[in-house]
Structure formats: C-alpha cells, structure tokens
Amino acid sequence: MTLNVLTLSTLFPDMSRPNFGVFVERQARELASRPDVNVTVIAPLGIPIWPIGLADQYAPLRALPRKERWKDLTVYRPLFSTIPKIGARYNVGSMTRAILPLVRHLHGQQPFDVIDASFFFPDGPVTQRLSRALGIPYSVKARGADIHYWGKRRDTRAMVKRAGAEAAGLLAVSSAMRRSMVKLGMDAAKIRVHYTGVDLDRFEIADRAVAKDVLGFEGPVVLCVGALIPRKGQDLLVQALPRLPGITLLFAGQGQYRRSLEKQAEELGVDRRIGFLGSVPHDRLPRIYAAADVMALPSSSEGLANAWVESLACGTPIVITDVGGARELLDRPEAGKIVDRDPEAIAAAIGEILYNPPEREAVRDTALRFTWEANADLLLHHLKGIARGG
C-alpha cells in the first residue's frame, strides 16, 4: 500500500535560492525514493504587501512557476501575503487561506495519509489547521530557531505549543532540541530524535594542499559556514583573529551582518586576513571544507547544524559552542572542541588544533552515522505509524 505524504515547507530551495532549505529538499528526495511512498511538496512563498519598495526584491519569487518538477519531486509554490518584521502571527492565517484550496484539490485527487511539516513556525500551525480541515494526521519537525525563537515570542508561542499538542507525532533534530520542546510543554512521549544526514560520497576527504592551491588559499585557513547573522557569532571569530597571527578567516554565507563584520575587521586591523565567499553553491562546499584546517561556528543557538556534520565528513575538525546537539555530535576528541562564546577561548581552541592536527580519517569517522538512508528510514517508520493511527 502506497504511503501518500504531503510535505509542507517554507524552507525549500528554488531557482532564485538554490541553497535555501537544501537539507529539507534532500530529506524529501530520499523519502520519495523509497518504494510505495509518494511525496508531494508544497513550498509556500511569502510576498510582502508592504512596503511597496520591496517589490523588486521579491520579483524572483513571483516569477517562479506555481508548480514544477524539482529534482524528481513535484513541488507547488503558492503565494501568500506577509507583513515584514511585524506580521509573523498573521502569516499562519494568510498561508492557510492561500494553500487550503490547493490541498483540498490534491487531497480529492489522491488522498494524503499524513502531513509532514518541516519547521515549527509558521509551518506547524498551518499544518495543524490543514489537519483539522481535512482530517489528516500530521507531524512537525523542530530544527532550532523555530523552538528557541518562535517558541518563546509572546505573539507566536501559543501557536507553536498548540501545533505540538495536536500533532500525532513530533521530530527533533537532536536530543537537546527534544529537551527544549519538552521544556516548552510538549509531550516527550510523542517526540523522536531525527538526526540530519550528509552525502558521504560528496563530502569526503580530499588532498588539502591541492584544494588550497585550486582555490588560491595560502597558509592555515579557518572556515565559517553559515548565514551572516548575529546568532551565528561570526563577530567572535573576527575578535579572535588578532590572537591567531598568519591565519586566514573565510566566511561562506551571506546576510546583512556582513557590513558590520567588515567594519569590525577594519577596526581590529585584520581585514586583510578575512575573505567573504558569499553564498556558496552547496555542491561546491566540499572543496572549501577540504581546503580548511578548521571549521568554526560559535553560534548562540543551534539544533544540530548541518555545517558541523559536513565539515567532519570532509575530515575537517570543528570548533563550536555548547549549543543544541554539539555534545551528541562530538563524541571523540579528534573531531574538534566545544568552547565558550569568548574570543580568547575560541582562539585557543583553534590554535591547539592547528598546532596538533588530528588524523582526518578519525575526524570523518564522527560523521559516518549521519546518512540520508538512516534519516529516511526513521522518517518513514515515523510517518507510517502516524498514518496507521489516523
């Protein structure tokens, strides 16, 4: 009997944002590759109704097809109206109204057995409303900011908690995330830990000297992979750099925080040792991880960052803060170090790894349990159980 799954995700790549939600896409593709599983993706696009000046910025999203085949998946991209910065709580109603007719139509053609929401806000509350309207059981996955941020905001907390309460099952990207969900009031018995995956045949060990030569890097390189936003702690790496003479710091990611980082680097006199790579296509990241001696990401909060796992799979040790699933991932000293969010501590950890680098095979061993096959196995088991329960 075929399991018909509706995946709802506001985090999903498209032609204008190929790296956006790439892990949600990879998970959906792996699930859809299983026999007797049919996956339909609805990836709603929020378009601001105010201010008018944002129209050009969102033109690429408006131009996307409302339905397309995206890497062997059927993806629908309905538009819904948003109000930037102040309208988060209204997005749930707006998105529901925009996509409910489409979901009703698709459900009438081929009934869905279960809805899989890939993020807790706004996806979770929207899925809860779809479930009520159509009588379809649902699951929601918690990944990080959806619980740590949206689950704490006064205007969205109740919606997050209600979505968790009415779900037939829940997923957490780490055991630490599961504890955060329980602390928020969610039922521990409903929550499964569901680790991310990594393509081990793409993210693998490569000759570091050759990789540096191809990319034009010289000397020790510290890499930071992540959006340039305050939560990721890139400013702490810039502050650590004066304590790391002769080392180049590279940022792979984009965001409005870049200008602040550039200004900080100039003030500290380290701007010539910092490079901004911008948004790197996901298929080019393995080469950059291979060229780096250390990957550092001193975030203030995470679930279990995909960048951590990818770096380890390439044999590159990591320096991270004690957030999310950090201690679940770093189960051996060769893999890297967990440090305080302090520039001096970060610099010391990086310096120690550079002075005494671990065997790259031992670093990679840490990531071998994070496969997309294992990810899809657990997800399929989880969703089948929910569908059977009705």
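The rules we used
Residues numbered from 1 in each chain as written. Predicted model: local features only at pLDDT ≥ 70, side-chain atom pairs only at ≥ 80, totals over all residues. Heavy atoms only, no water. Helix = DSSP H or I, 4+ residues; strand = E, 2+ residues; numbered from the N terminus. Rg over C-alpha atoms; globule rule 2.2 N^0.38 Å. Contact = heavy atoms within 4.5 Å. Areas by Shrake-Rupley, 256 points an atom, 1.4 Å probe, with all protein chains shown as cover. Lys, Arg positive; Asp, Glu negative; His and termini not counted. Charge placed at Lys NZ, Arg CZ, Asp CG, Glu CD. Pairing = 2+ DSSP bridges. Axes fitted to C-alpha atoms, helices over the stretch in contact; angles between N-to-C directions. Buried < 20%, exposed > 50% of the residue type's maximum accessible area, 1.4 Å probe, protein only. Right-handed = clockwise from strand over helix to strand, strands pointing away. Phe/Tyr/Trp six-rings, centres within 6.5 Å; stacked < 30°, edge-to-face > 60°. Lys NZ or Arg CZ within 6 Å of the ring centre and 35° of its normal. Patch = residues over 30% accessible without salt bridge, like charges linked within 9 Å, V, L, I, M, F, W, Y side chains within 5 Å. Salt bridge = Lys/Arg side-chain N within 4 Å of Asp/Glu carboxyl O.

Peer 1: Quick one: what's the story with the overall build of the chain, residue by residue and with numbers?
Peer 2: Within the chain, the regular secondary structure consists of 16 helices and 16 strands. At 21 Å, the chain has a C-alpha radius of gyration in line with the 21 Å of a compact globule built from 390 residues. The dimensions of the chain, computed from C-alpha atoms along their principal axes, are 65 × 45 × 40 Å. Partitioning the contacts of the chain with sequence separation of at least 6, the portion at a separation of at least 24 is 71%. Total accessible area on the chain stands at roughly 17,100 Å², and carbon and sulfur atoms take up 50% of it. Computed over 51 positive and 42 negative side-chain charges, the separation of the two mean positions in the chain equals 9 Å.

Peer 1: Please provide a residue-by-residue account of the sheet that holds strand β11 (residues 221–225), values included.
Peer 2: A sheet is described by the order of its strands in space; here six strands give the open sequence β13-β12-β11-β14-β15-β16, paired in parallel fashion. Bordering the open sheet on either side are β13 (274–278) and β16 (336–339), each of which pairs with just one other strand. Across the sheet, the axes of successive neighbouring strands diverge by a mean angle of 20 degrees, strand direction being ignored. Both β11 and strand β14 (residues 294–297) contribute to a ladder of two bridges, which runs parallel. Bridged to Val222 within β14 is Val294. Packed onto the sheet, helix α14 (residues 343–355) meets β11, β14, β15 (318–321) and β16 and runs at close to 170 degrees relative to β16.

Peer 1: Help me get a handle on the pairing of strand β2 (residues 37–42), residues and values and all.
Peer 2: On a regular strand, each side chain points to the face opposite its neighbour's, so the side chains alternate between the two faces of the sheet. Of all the six residues making up β2, five are buried; the element is thus mostly covered by neighbouring parts of the structure. As paired strands, strand β1 (residues 3–8) and β2 are joined by six bridges and run parallel to one another. Bridge pairing links Val5 to Val39 in β2. At this point the chain moves from β1, through helix α1 (residues 22–32), to the parallel β2, and the crossover so formed is right-handed.

Peer 1: How would you explain the sheet that holds strand β4 (residues 67–70) if you had to name every residue and give the values?
Peer 2: Judged by pairing direction, the sheet is mixed, and its eight strands sit side by side in the order β4-β5-β2-β1-β7-β8-β9-β10 without closing on themselves. Two strands in the sheet have a free side with no partner beyond their single neighbour: β4 and β10 (191–193). Taking each pair of neighbouring strands and ignoring which way they run, the sheet shows an average axis angle of 25 degrees. As paired strands, strand β9 (residues 169–172) and β10 are joined by three bridges and run parallel to one another. Looking across to β10, one finds that Ala172 is bridged to Val193. Running at roughly 155 degrees to β2, α1 makes contact with β1, β2, β4, β5 (73–76), β7 (114–117) and β8 (138–142) of the sheet.

Peer 1: I'd like a description of the packing of aromatic side chains, backed by residues and values.
Peer 2: Following the criterion strictly, the structure yields five aromatic pairs and no others. A centroid spacing of 5.3 Å and a plane angle of 70 degrees characterise the contact between Tyr195 and Phe370, whose relative ring orientation is edge-to-face. Of this pair, Tyr195 sits in the loop between β10 and α8 (208–215) while Phe370 is found in the loop between α15 (360–365) and α16 (372–389), placing the two residues 175 residues apart along the sequence. A network of ring pairs unites the aromatic residues Phe121, Tyr149 and Trp150 as a single cluster. When the ring centre of Trp70 is taken as origin, the NZ or CZ atom of Arg77, which lies over that ring, is 5.4 Å away.

Peer 1: Explain a negative patch on the surface to me, and be specific about the residues and the numbers.
Peer 2: Taken together, the side chains of Glu334, Glu359, Glu361 and Asp365 define an acidic patch exposed on the protein surface. In this fold, Glu361 is placed in helix α15.

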